[in-house]
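Analysis of the macromolecular model
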Amino acid sequence: TPEQVWQAIATGAGNAGWLFPAEIEERQGGSMLIHRAPFGGDARASITAYEPPHRFAYEEQVGPDVPPWATEFLVEGRAGGTTVVRVVTGFYEGGEGWEPMVEGAGEGWGGALQLLRAYVPNFLGQPVVNVGATGDTGQPLDDRATLAAELFHALNLTGLRPGDKFRAPHDAPPLAGVVEGAEEDGAPLSGSSHGCLLRTEEPAPGIFEISTFSFDGQTVTVNVVGRLYGDDGAALATRDEPRWAAWLEERFPAIGAAITIPR
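Bear in mind that the values here come from a model prediction, so they are computed numbers and not experimental data.

1. Structural notes on the environment of E51
Examined against the element boundaries, E51 turns out to sit in strand β3 (residues 42–51). Take E51: its relative accessible area is 36%, and that puts it in the partly exposed class. In this structure the C-alpha to C-alpha distance between E51 and R27, which are 24 residues apart in sequence, comes to 8.3 Å.

The structure is reproduced here in structure tokens:
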């Protein structure tokens, strides 16, 4: 329902379940603090619209000489028990110099909305804890497809499609479940996909994003980022965090040291 989607996108607890931990003052004119580590620092924003359950908007102060970055959610209920979410995000002002940042944000939101679609019907309102690791390979964007293919192969995901079951090999931390979605819906996973979404049964009910991405527009990161739901999540995350970091470092030595996902 629109009310359930609103809970996910416009409250701090809801945001933590699929996007980033956030402190949200739930009113127009309120403040917002988004914790993006390790993908960035804390971001402060001003809430410019808070109209439950249909419209939520905020503006971030990116830097002293940078125009505000605006994000708006529009929520529309449809017949048959579905809801459509539209996200409009970017600069009110800008130019060609900002295009790489806008394109990267667009790709990131595409993956995030897939995660929202999996989160609301399956895990809304449950306790959540983050787990996983990410590392910068230092390799250029031209190598992204090769790195994605290596990452999928290392987790036994190559050739799978949405709906297929998967199980990671024994040398990886426990990870098993079903492929929820991919960038190229319906296509088998390969290096051209760059990322996919997994709904897990092991180590606990959860959602994992397996991806290659560039946060600076120059080099490629490899990422195994998960959210575990339920009362056992914290203990399992504590167990598996160092294992995911070691696993990434072993398979991608160029990253030096992987960064675990803050909880």
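Structure shown, so let's carry the discussion forward.
2. Regarding the pattern of salt bridges
Overall, the coordinates contain 13 salt bridges when judged by the stated rule. For E72, the salt bridge identified is with R55, shortest N-O distance 2.6 Å. In this pair, E72 sits in strand β5 (residues 69–78) while R55 sits in strand β4 (residues 55–60), placing the two residues 17 residues apart along the sequence. With a shortest N-O distance of 2.8 Å, R199 and E180 are connected by a salt bridge. Here R199 is found in strand β10 (residues 195–202), whereas its partner E180 is found in strand β9 (residues 176–182), with 19 residues between them in sequence. Taking relative accessible area as the criterion, E180 reaches 26% and is therefore assigned partly exposed. Bridged by salt links that share partners, the residues E51, R55 and E72 form one connected network.

3. Overview of the nonpolar core
As a rule of thumb, soluble globular proteins bury nonpolar side chains together. L155, L157, I210, W244 and L248 are the most contacted members of the largest nonpolar core, which totals 36 residues. A per-element tally of this core places helix α5 (residues 233–251) first, with six residues. Not counting residues within four places of it along the chain, the set of residues in contact with L157 comprises F152, F166, L189, C196, L198 and I210. Within the second largest apolar cluster, 31 residues are counted, among which are F56, V75, A118 and Y229.

4. Side note on helix α4 (residues 144–154)
Residues of α4 that are buried: R144, L147, A148, L151, F152 and A154. One side of α4 holds all its buried residues, which, seen down the axis, span an arc of 165°. Just past α4, the residue N156 takes up positive phi, approximately 65°.

5. Looking at the packing of aromatic side chains
The final tally for this structure, using the stated rule, is 12 aromatic pairs. Aromatic pair F56 and Y58: ring centres 5.6 Å apart, planes at 50°, arrangement tilted. Of the two residues examined, F56 and Y58, each falls in the buried class. A connected cluster of aromatic rings, assembled from ring pairs, spans W6, Y50, F56, Y58, F73 and W109.

6. Details of the sheet that holds strand β8 (residues 165–167)
Strand order in the open sheet made by the seven strands is β8-β9-β10-β11-β12-β7-β13, with antiparallel pairing throughout. At either end of the open sheet lies a strand with only one pairing partner, and these are β8 and β13 (259–260). One ladder, built from two bridges, connects strand β7 (residues 128–140) with β13; its direction is antiparallel. In the strand pairing of β13, A133 is matched with T260. Those strands touched by α4 are β7, β10, β11 (206–213) and β12 (219–229), and its axis lies near 145° from that of β11. Packing against the sheet, α5 makes contact with β7, β11, β12 and β13, and its axis sits at approximately 10° to β7.

Definitions and limits used
Residues numbered from 1 in each chain as written. Predicted model: local features only at pLDDT ≥ 70, side-chain atom pairs only at ≥ 80, totals over all residues. Heavy atoms only, no water. Helix = DSSP H or I, 4+ residues; strand = E, 2+ residues; numbered from the N terminus. Buried < 20%, exposed > 50% of the residue type's maximum accessible area, 1.4 Å probe, protein only. Salt bridge = Lys/Arg side-chain N within 4 Å of Asp/Glu carboxyl O. Core = buried A, V, L, I, M, F, W, Y, C linked by side-chain atoms within 4.5 Å. Contact = heavy atoms within 4.5 Å. Arc of directions from axis to C-beta. Phe/Tyr/Trp six-rings, centres within 6.5 Å; stacked < 30°, edge-to-face > 60°. Pairing = 2+ DSSP bridges. Axes fitted to C-alpha atoms, helices over the stretch in contact; angles between N-to-C directions.

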